[in-house]
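Report on the structure
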Amino acid sequence: MDPNHPAPTSGAPAAARPARWWHQTVPQRTTLAAIVVLGAVLTSWNLARGGDMSFYAAAARSMSESLPAFLSGSFDPGATVTLDKLAGFAVPQAISIHLFGMSTASLALPQVVEGAVTTLAVAVVALRWLGARAGLVAAALAASTPIFVSMFGHPMEDGLLTMSLAVALVWWQRAALTRTWWPMLLAGLFVGVGFQAKMLQAWMVLPALVLATVVATAGPGSRWRRATGHVAALLGAAVVASLAWSVVLGLLPTGDHPYFDGSTDDSVFAMVFGYNGVDRFLPGLWPGAVGALGAAVGHAGTHVADAWRTATAGRGGGHSLLQLFSPRYASQVGWSWPAALTGIGIGAARWWRRTAGREARVAAATLVALVVWLVTAVAVLSVLRLPHTAYVAGIGVQLAALGALGWWGAASLVDATDRRLRLVPVGLLVVQGAWWAWLARASSEPALLGTVAVGVTVVALVLLVVRWRRSDPTVASTRGRRTAAGLLVAAVVLGPACFSLQVLDAARDGSGGDASVGVGQGAFARGGTPERAFALGRGGGSSAGGRSAGTAAFTVSAPDVVGGHTRLPADEAALVAAARRAGGGQDGAPLFLTDSWRIAADVIGDTGDEVLTDGGFSGRVPVFTAAQVESIVRSGRTHLLVVASSAAATDPVRRAADDLGCRVVQRWGSTFADAAPGRSFGGRGTSFALERCS
């Protein structure tokens, strides 16, 4: 327990101003700064090595060079087609590229900043809830959560989403503490920013904030009016901030906005709410949405109907409703489960029946917000068959804050007069140590790192039991309590911290397609993607220096923080040269028009040239019809087409090339011959040809 911030009591007066870190002691501020800096060092250790998927890296490059592309979230500099999702996550990346030039480090740098802000936001929430020492524990848990350490070191949309929702929680808490409505507008605004990053996933926090607002403000008479006003401000701001971009672009005439990828009818709402929303649960439900992700996600009704079967699955690639507690995902985000569950129990016992006082109501409301948000996220993520590991970052903020609550409650019971209550910290250490030991073994954590974490927990347990047996419950010892609290900190934080140290090995740092720490377990692990799938990375997505993360011993790689750029494959470099010799790209014209986003993404990412692209991410989006392609050629906008040999006879680019009598300038073999079997992203073929149309 923090003596500078005693536990809320029913008689405590409402604070005039929420606590701030710059009002805390110098050692506490210094410790917080050290946590943030050390977290940033871990996150950025391999910043220049592992890039984003080339599709999204190309969009960031396009947005950095073209204002229309920036404002519309387009894949190409000419703003003819958007990404297959809202492009808010790429805005910081585009700004970084514009300032520092195109490189892996430039793409990933904004996520490092987002990670630092997330750590600070979690620290602020815990400071105002439990005190400075608990705030430091929460910050340490956030900074050392493995999925955060990997995710914030790679250019991924999950980084901006996580940061935005953490900041939204800060502003919600301020509104609850001060009983003013305007912070709710900022809370809703940041939920909207999260929506721009990853759409409907951002709204998972809203039920928690609404219910917690009612707990914090509702009551007889004017309290209900205040609660209603606060909820209206929150939801109104969230909806407006979430949908403003989509509504504005959707209202523009068809010719004045790029084609919306993810839809078959050029509908931004089919892309947002269909392709990236309900179709992930019920494929085909939303009219106009491209059903490209049906194989990657679970059907909610099937999972509910077969709950027992799926809950007991999980081997041999089967989906399980308990997947978040499996080694693959728990090792990335779940180290704090015992502390978090302990915190929930202590918080409920402490505050739930003592909400008459203002401080106790806000403390209980904060607990409600975190618990409901956690339960909502766990429920949704358990039903989904997760496309990549970074999805589990959706429970990281909640577990960090609740884990700090568990530490705070256990530390306050170390010297409890009732000896039975002293069993709480002892029990926490026992369960936490056993959980860590299982996770370390099941996730193949290096023996040294796992031994340190589990060993310190065992030592802390022994010392706590010895102190408990020798101490007199009637005599309080400040020094002894601080020692015990310090032991509990180590026992709560060291597990994820030691596991996250694996990112110092470039082979264990994950990738932009599957952020994770440790040996590869995700969908893109162990070389399961083409070499160019992750743009601008040095050495591919799952290995470094020729070593496989699944077999090599843990070694510390040299830091690689600046730059990072791979050259175009020889075939594509020859394609660009041939297209330029044939007159492509002159006077601002497109370099060529193609039916493969893979070719277009590589060329745009490396050169910044305009490449007209049909098919979208799924390869099935009708960006152009055959007649439109022919019109583009006849108008002189471009006379060069690049056609993948695998293109179907109905492919608009192939049909236009046949109808126009285009001749093959040169043909190249497969750039993607090493792609994972069965993957079809945007027209991957065995070869492609540059054709000139007169």
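Heads up: the structure comes first, above all this text.
Basis of the calculations
Residues numbered from 1 in each chain as written. Predicted model: local features only at pLDDT ≥ 70, side-chain atom pairs only at ≥ 80, totals over all residues. Heavy atoms only, no water. Helix = DSSP H or I, 4+ residues; strand = E, 2+ residues; numbered from the N terminus. Contact = heavy atoms within 4.5 Å. Areas by Shrake-Rupley, 256 points an atom, 1.4 Å probe, with all protein chains shown as cover. Polar contact = N/O pair within 3.5 Å; in protein donor to acceptor, adjacent residues only side chain to side chain. Core = buried A, V, L, I, M, F, W, Y, C linked by side-chain atoms within 4.5 Å. Buried < 20%, exposed > 50% of the residue type's maximum accessible area, 1.4 Å probe, protein only. Pairing = 2+ DSSP bridges. Axes fitted to C-alpha atoms, helices over the stretch in contact; angles between N-to-C directions. Patch = residues over 30% accessible without salt bridge, like charges linked within 9 Å, V, L, I, M, F, W, Y side chains within 5 Å. Salt bridge = Lys/Arg side-chain N within 4 Å of Asp/Glu carboxyl O. 1 Å grid on protein atoms, 1.4 Å probe; cavity = no way out; pocket = protein on both sides within 12 Å on 5 of 7 lines; lining within 4 Å. Points joined across faces, edges and corners; volume = space filled by probe spheres on them. Parallel < 35°, antiparallel > 145°, perpendicular 65-115°, else oblique. Nonpolar A, V, L, I, M, F, W, Y, C, P; charged D, E, K, R; others polar. Disulfide = S-S within 2.5 Å. Phe/Tyr/Trp six-rings, centres within 6.5 Å; stacked < 30°, edge-to-face > 60°.

Overview of the overall build of the protein chain
When helices and strands are tallied, the protein chain shows 25 helices and 7 strands. Counting only contacts in the protein chain whose residues sit at least 6 apart along the sequence, the fraction spanning at least 24 positions is 73%. Carbon and sulfur atoms make up 63% of the accessible area of the protein chain, which amounts to about 26000 Å² in all.

With respect to the side chain of aspartate 84
Relative to the elements of secondary structure, aspartate 84 occurs in the loop between α3 (67–72) and α4 (90–100). Only 3.0 Å separates the side chain of aspartate 84 from the side chain of tyrosine 56, close enough to count as a polar contact. Aside from chain neighbours lying at most four places away, what touches aspartate 84 is Phe55, Tyr56, Asp261, Met271, Tyr275, Asn276 and Phe617.

Description of the environment of phenylalanine 592
Here phenylalanine 592 is to be found in strand β3 (residues 592–594). C-alpha separation for the pair phenylalanine 592 and valine 576, spaced 16 residues apart in sequence, amounts to 9.1 Å. Residues within four places of phenylalanine 592 in sequence aside, it is in contact with Leu575, Ala579, Ile599, Val603, Glu610, Val611, Leu612, Thr638, Leu640 and Val642.

Here we look at the nonpolar core
The nonpolar side chains of a soluble globular protein tend to be buried with one another. Counting 187 residues, the largest nonpolar core has Phe75, Trp172, Ile395, Phe592 and Leu641 as the members making the most contacts within it. Excluding anything up to four places from it in sequence, isoleucine 395 contacts Leu324, Val333, Trp337, Leu374, Ala377, Val378 and Leu381.

Here's the deal with the sheet that holds strand β6 (residues 663–669)
Each strand in a sheet pairs with another by means of backbone hydrogen bonds, the pair being arranged parallel or else antiparallel. Reading across the sheet, the 5 strands line up as β4-β3-β5-β7-β6 and stay open at both edges, with mixed pairing between neighbours. For this open sheet the edge positions go to β4 (611–613) and β6, each flanked by a neighbour on one side alone. This sheet shows a mean twist of 20° between the axes of neighbouring strands, independent of strand direction. Two elements, β3 and strand β5 (residues 640–644), share 2 bridges in a ladder whose sense is parallel. Residue pairing in the sheet places threonine 594 in a bridge with valine 642 of β5. Contacting β3, β4, β5 and β7 (687–692), helix α23 (residues 597–607) runs over the sheet at an angle of about 155° to β4. The strands touched by helix α25 (residues 652–660) are β3, β5 and β7; relative to β5, the strand with the most contacts, the crossing angle is about 125°.

Some remarks on a nonpolar patch on the surface
Taken together, the side chains of Ile95, Leu99, Phe100, Leu109 and Val113 present a nonpolar region at the surface, about 490 Å² in accessible area. Of all the secondary structure elements, the ones that give two or more residues to the nonpolar patch are α4 and α5 (104–130). Per element, the largest residue contribution to the nonpolar patch is 3 residues, and it comes from α4. With a relative accessible area of 33%, leucine 109 lands in the partly exposed category.

A closer look at empty space enclosed by the protein
If you walk through the whole model with that rule in mind, you get 11 cavities of 30 Å³ or more. Approximately 100 Å³ is the volume attributed to the second largest cavity. Surrounding the second largest cavity, 13 residues form its lining, Leu161, Leu165, Trp373, Ala393 and Gly394 being those nearest its centre. Residue assignment for the lining of the second largest cavity shows that the elements contributing at least two residues are α8 (157–178) and α18 (396–412).

Looking at the packing of helix α16 (residues 337–351) against helix α19 (residues 423–442)
Direction vectors running N to C along α16 and α19 enclose 150°, while the axes themselves pass 8 Å from each other. Viewed along their axes, α16 and α19 adopt a mutual orientation that is roughly antiparallel. For the pair formed by α16 and α19, the contact residues are Trp337, Pro338, Ala339, Thr342 and Ile346 on the first element and Val424, Leu428, Val431, Gln432 and Trp435 on the second. The residue makeup of the contact of α16 with α19, split by class, is 8 nonpolar, 2 polar and no charged.

A few points about the state of the cysteines
Per the stated rule, a full pass over the model turns up 1 disulfide. Paired by a disulfide, cysteine 662 and cysteine 693 hold their sulfur atoms 1.8 Å apart. One disulfide, between cysteine 662 and cysteine 693, carries an S-S torsion of 100° and so falls in the right-handed class. Of this pair, cysteine 662 sits in the loop between α25 and β6 while cysteine 693 sits in the segment after β7, and the two are 31 residues apart along the sequence. Accessibility classification places cysteine 662 together with cysteine 693 in one group, the buried group.

Quick word on the packing of aromatic side chains
Under the defined criterion, the tally for this structure stands at 21 aromatic pairs. Where tryptophan 335 meets phenylalanine 499, the ring centres are 5.2 Å apart and the plane angle is 45°; that geometry is what we call tilted. Taken as a pair, tryptophan 335 in the loop between α15 (327–333) and α16 and phenylalanine 499 in helix α21 (residues 478–500) lie far apart in primary sequence, 164 residues in all. Here tryptophan 597 and phenylalanine 617 contribute two aromatic rings whose centre-to-centre distance is 5.2 Å and whose plane-to-plane angle is 20°, an arrangement assigned as stacked. Of the two residues, tryptophan 597 is situated in helix α23 and phenylalanine 617 in the loop between β4 and α24 (626–634); the sequence distance between them amounts to 20 residues. In this pair, the class of tryptophan 597 matches that of phenylalanine 617, namely buried. Taken together, the ring pairs connect Phe55, Tyr56, Phe75, Phe89, Trp597 and Phe617 into an aromatic cluster.

None of the figures reported here should be taken as evidence of function without further support.
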